[in-house]
Amino acid sequence: AWYAPCAPVPHSTSAVRRRGEVRRDAQRETRALEGTTKPAKAVTFEVPRSGSASSEARAALRPIAPALAPRTFFDLSSVVSEVVASFLRSGGRGTVRIEVSAKDGAAEGAIEDDFSHLSDPAGAGDAGEAEHIGRRILDLLCERWRVLEGDQGTRIEFRVLPTVW
């Protein structure tokens, strides 16, 4: 089942700006991307289980940054970083595999862990506050997300919409 937040949530605490200001920001971000080399449309990589896994995952996402608006890329980086951290907190072995693609300004991806007994990778259960942050970040920054568990491990799929404000 896909999870989706009940209502859209602004990505900043500032007051919502007028429609013209939002349009100018989107045009500025589009102009900033024009003239750059052709951006990567997809990246796939693995990060080893270590204390620096989240930062290594964020760094490995950089080739896809030109294909996304800066705020959308920031949201994507936050989602990937938090899910990788949740997988590390769960224990496990081996590496964490990450696949992300950009299409029409949105980012879709999946993060897989080979640890098949992860009871709640998104932190949705009755665990402490640290475990709940994963679900909150997914709810706030993703249009939709879901958890798939099988014999080979746990997979979290998500979609981050373009951010225009």
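To keep things clear, this report deals only with the structure shown in the data block.

Definitions and cut-offs
Residues numbered from 1 in each chain as written. Predicted model: local features only at pLDDT ≥ 70, side-chain atom pairs only at ≥ 80, totals over all residues. Heavy atoms only, no water. Buried < 20%, exposed > 50% of the residue type's maximum accessible area, 1.4 Å probe, protein only. Helix = DSSP H or I, 4+ residues; strand = E, 2+ residues; numbered from the N terminus. Arc of directions from axis to C-beta. Contact = heavy atoms within 4.5 Å. Pairing = 2+ DSSP bridges. Axes fitted to C-alpha atoms, helices over the stretch in contact; angles between N-to-C directions. Parallel < 35°, antiparallel > 145°, perpendicular 65-115°, else oblique. Left-handed = near helix turned anticlockwise from the far one by under 90°. Polar contact = N/O pair within 3.5 Å; in protein donor to acceptor, adjacent residues only side chain to side chain. Salt bridge = Lys/Arg side-chain N within 4 Å of Asp/Glu carboxyl O.

Next up on the list: helix H2 (residues 53-60). Residues Ala53, Ser54 and Ala57 constitute the buried set of H2. The arc that holds the buried residues of H2, viewed along the axis, is 100 degrees, so those residues lie on one side. For H2, the elements touching its buried residues are strand E1 (42-48), helix H3 (70-89) and strand E2 (95-103).

Turning our attention to the pairing of E1. The two faces of E1 differ: Val43, Phe45 and Val47 on one face are buried, but Ala42, Thr44, Glu46 and Pro48 on the other face are not. Bridging between E1 and E2 involves seven bridges; their strand directions are antiparallel. Looking across to E2, one finds that Phe45 is bridged to Ile98.

Our focus in this paragraph is the sheet that holds strand E3 (residues 106-113). The antiparallel open sheet is built from five strands, whose spatial order is E1-E2-E3-E5-E4. Each edge of the open sheet carries a strand with a single partner, namely E1 and strand E4 (144-150). The mean angle between the axes of side-by-side strands here comes to 15 degrees, regardless of whether they run parallel or antiparallel. Taken together, the eight bridges between E2 and E3 define a ladder with antiparallel strand orientation. Bridge assignment links Lys103 to a residue of E3, and that residue is Ala106. Each of E1 and E2 touches H2; the most contacted strand, E1, lies at about 160 degrees to it. Where H3 meets the sheet, it contacts E1, E2, E3 and strand E5 (153-160), and its direction lies at approximately 165 degrees from that of E5.

This paragraph deals with the packing of H2 against H3. Between H2 and H3, the least distance of the axes is 9 Å, while the angle of their chain directions is 150 degrees. By the angle class used here, H2 and H3 are roughly antiparallel. The two elements H2 and H3 meet at a crossing, and its hand is right-handed. Where H2 abuts H3, its residues Ala53, Ser54, Ala57 and Arg58 lie against Ser77, Val80, Ser81, Val84, Ala85 and Leu88.

Moving on, we get to the side chain of Asp113. Of note, Asp113 is situated in strand E3. Within the structure, the side chain of Asp113 is placed 2.3 Å from the side chain of Arg49, a separation counted as a polar contact.

Another point: the pattern of salt bridges. Using the criterion set out here, one finds eleven salt bridges in the structure. Ionic pairing is found between Glu143 and Arg144, a salt bridge with its closest N-O pair at 3.8 Å. Of the residues examined, Glu143 reaches a relative accessible area of 31% and is grouped as partly exposed. You can call Arg144 partly exposed: its relative accessible area is 29%. The closest approach of N and O atoms between Arg146 and Glu157, which form a salt bridge, is 2.8 Å. Placement of the pair is Arg146 in strand E4 and Glu157 in strand E5, with a sequence separation of eleven residues. Relative accessible area serves as the criterion here: at 23%, Arg146 is assigned to the partly exposed category. A residue is classified by how much of its surface remains accessible, and Glu157, at 13% relative accessible area, is buried. Within the structure, one salt-bridge network assembled from shared partners comprises Arg97, Glu99, Glu112, Arg146, Arg155 and Glu157.

Distances and angles like these do not, on their own, reveal function.
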